[in-house]
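Descriptive analysis of the structure
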Amino acid sequence: MILLVYSNKDVAGTNIARCIVQRQAFTASSQTYEGNIVYTATIKKQSVTLVTLAGEAVNAQNLPEYFPNHRFIIFISRHSSQSGKPTLSVHTPGNFAEAELGGLPRTLSVSPANAMKFALKALNQQIQERNLVYEVSYECTHHGPSLNVPTMFVELGSTPIQWRDLHASDAVAQAVIETIRNLNESSLTPTAVGIGGPHYNQKFTKMALNNEVAFGHMVPKHAIHLLSIGLLNQCIQKIVEKPQYAVLDWKGIKSQDKVALLSVLKETQLSIKKI
């Protein structure tokens, strides 16, 4: 069963949820969560539960306790960035350091690499079909919650202008629905941990769009110094599909971090691919 989650404090998440409900027949259940009615639907023979949060999505650490039978969680939410660039993005939540924005310290969620790749491609298809002036991008793993259930965020950003863009909201809604419809489909694309480069890594994004690789957890340049063997093992073990290798954005790694990174990677079974 699939949990589809948004916060009523989030304009973008609310708009995307409304578009999803317009496209799919959801029914009010007898259950409530944080004072909001829980809705259910069936999408391609899969049970989907739509949950409205009263608080911010990054703080939904206890959500699986109330919905223990759900095997997959998709958060639909706003995305913010200093650049303000119109962006549709996908990522897994989790923290490499302290839990400054929800979740648990140094704890990652389970990353659904193939589902994220499919969502990324579905978003890209939507902007092309609709002629939307948006960029599609992976984001590196960041913020809460830290969940032991396959979890991903699909986001619309990066300013209030985009959050209120109903055409873009519907594009995200359609991409999410298509992702749900294809969750049970197998993929021959190899899976990897991504390391290095900026928070929005267009090299990793391009590789996924070209079906070269499906990325699970991605570690940005500024967090590489935090990668102990314990955290790196989390990056490997907390990907639904076992990763075959680590893709290193080699120029996007600080010189002083390279020796230590290669040393800790030797302790894993991952092959290394430098790009």
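A brief look at the structure comes next. (Residues numbered from 1 in each chain as written. Predicted model: local features only at pLDDT ≥ 70, side-chain atom pairs only at ≥ 80, totals over all residues. Heavy atoms only, no water.)

Let's talk about the sheet that holds strand β9 (residues 191-195)
We count it as follows: When DSSP finds two or more bridges between a pair of strands, those strands are recorded as paired. Helix and strand definitions here come from DSSP, where helices need a minimum of 4 consecutive H or I residues and strands a minimum of 2 consecutive E residues; each element is numbered from the N-terminal end. Fitted lines through C-alpha atoms serve as axes, helices being fitted only where they are in contact, and the angles separating the N-to-C directions of these axes extend from 0 to 180 degrees.
Reading across the sheet, the 4 strands line up as β10-β9-β11-β12 and stay open at both edges, with parallel pairing between neighbours. Each edge of the open sheet carries a strand with a single partner, namely β10 (214-219) and β12 (271-274). On average, each strand axis in the sheet is tilted by 30° relative to the strand beside it, whichever way the strands run. Where β9 meets β10, 4 bridges bridge the pair, whose relative direction is parallel. Looking at β10, one finds that T191 is bridged to A214.

A few points about the packing of aromatic side chains
Quick reminder of the rule: Pairing of aromatic rings covers Phe, Tyr and the six-membered ring of Trp, with a centre-to-centre limit of 6.5 Å; geometry is then stacked below 30 degrees between planes, edge-to-face above 60, and tilted otherwise. Relative accessibility decides the category of a residue: with a 1.4 Å probe and only protein chains considered, values under 20% of the type maximum give buried, values over 50% give exposed, and everything between is partly exposed. Here, over-ring charges are defined by two tests on the NZ atom of lysine or the CZ atom of arginine: distance to the ring centre within 6 Å, and angle to the ring normal within 35 degrees.
If you walk through the whole model with that rule in mind, you get 5 aromatic pairs. Taking 4.6 Å as the distance between ring centres and 15° as the angle between the ring planes, the aromatic pair formed by F75 and F153 counts as stacked. Highlighted residues: F75 in strand β5 (residues 72-80) and F153 in strand β8 (residues 151-158), separated in sequence by 78 residues. For F75, a relative accessible area of 0% gives the class buried. The cationic tip of R78 hangs over the ring face of W163; the distance from NZ or CZ to the ring centre is 5.8 Å. Over the ring of W250 we find K274, and its NZ or CZ is 3.9 Å from the ring centre.

Re the packing of helix α3 (residues 113-130) against helix α5 (residues 166-181)
As a reminder of what qualifies: Under this scheme an angle from 65 to 115 degrees is roughly perpendicular, one under 35 degrees roughly parallel, and one over 145 degrees roughly antiparallel; angles in between are oblique. Working rule for handedness: look at the near helix, and if it is turned counterclockwise from the far one by less than a right angle, call the crossing left-handed; if clockwise, right-handed. Residues are treated as being in contact if the distance between any of their heavy atoms lies within 4.5 Å.
Put simply, α3 and α5 touch, their axes get as near as 9 Å, and they point 140° apart. By the angle class used here, α3 and α5 are oblique. The way α3 lies across α5 gives a crossing that is right-handed. In this structure, α3 uses A115, F118, A119, A122, L123, Q126 and R130 to contact α5, whose residues at the interface are H167, D170, A171, V172, Q174, A175, E178 and T179.

Looking at the sheet that holds β8
The mixed open sheet is built from 8 strands, whose spatial order is β2-β3-β4-β1-β5-β8-β6-β7. Each end of this open sheet is capped by a strand with a single partner; those strands are β2 (27-33) and β7 (135-138). Within the sheet, the average angular offset between the axes of one strand and its neighbour, ignoring direction, is 25°. In terms of strand pairing, strand β3 (residues 36-43) meets strand β4 (residues 46-53) through 5 bridges, oriented antiparallel.

Overview of the pairing of β10
Operational definition: The handedness of a crossover follows from its direction of travel: if, with the strands pointing away from the viewer, the path from the first strand over the helix to the second runs clockwise, the crossover is right-handed.
The buried fraction of β10 amounts to 6 of the 6 residues, a majority that puts the element mostly inside the structure. In terms of handedness, the path from β9 via helix α6 (residues 202-209) over to β10 forms a crossover that is right-handed.

Some words on the environment of A208
With respect to the helices and strands, A208 occurs in helix α6. Residue classification places A208 among the buried positions, given a relative accessible area of 0%. In this structure the C-alpha to C-alpha distance between A208 and P190, which are 18 residues apart in sequence, comes to 9.9 Å. Excluding residues within four positions of it along the chain, A208 makes contact with K117, L120, K121, Y138 and V213.

What about the layout of surface pockets?
Where we set the bar: Cavities and pockets are found on a 1 Å grid laid over the protein atoms alone: a cavity is a set of points where a 1.4 Å probe fits but cannot escape, a pocket is an open set with protein on both sides within 12 Å along at least five of seven lines, and a lining residue has an atom within 4 Å of such a point. Grid points are joined across faces, edges and corners, and a volume is the space filled by probe spheres set on the points. Each residue receives one of three labels: charged for Asp, Glu, Lys and Arg, nonpolar for Ala, Val, Leu, Ile, Met, Phe, Trp, Tyr, Cys and Pro, and polar for the others, Gly being one of them.
Empty space within the largest pocket amounts to approximately 430 Å³. N114, A115, F118, N182 and E185 are the residues nearest the centre of the largest pocket, which is lined by 23 residues in total. At 9 residues, α3 tops the list of elements feeding residues into the lining of the largest pocket. Classifying every residue of the lining of the largest pocket gives 8 nonpolar, 8 polar and 7 charged. Along the wall of the second largest pocket there are 16 residues; nearest its centre are N95, T141, H142, H143 and H222.

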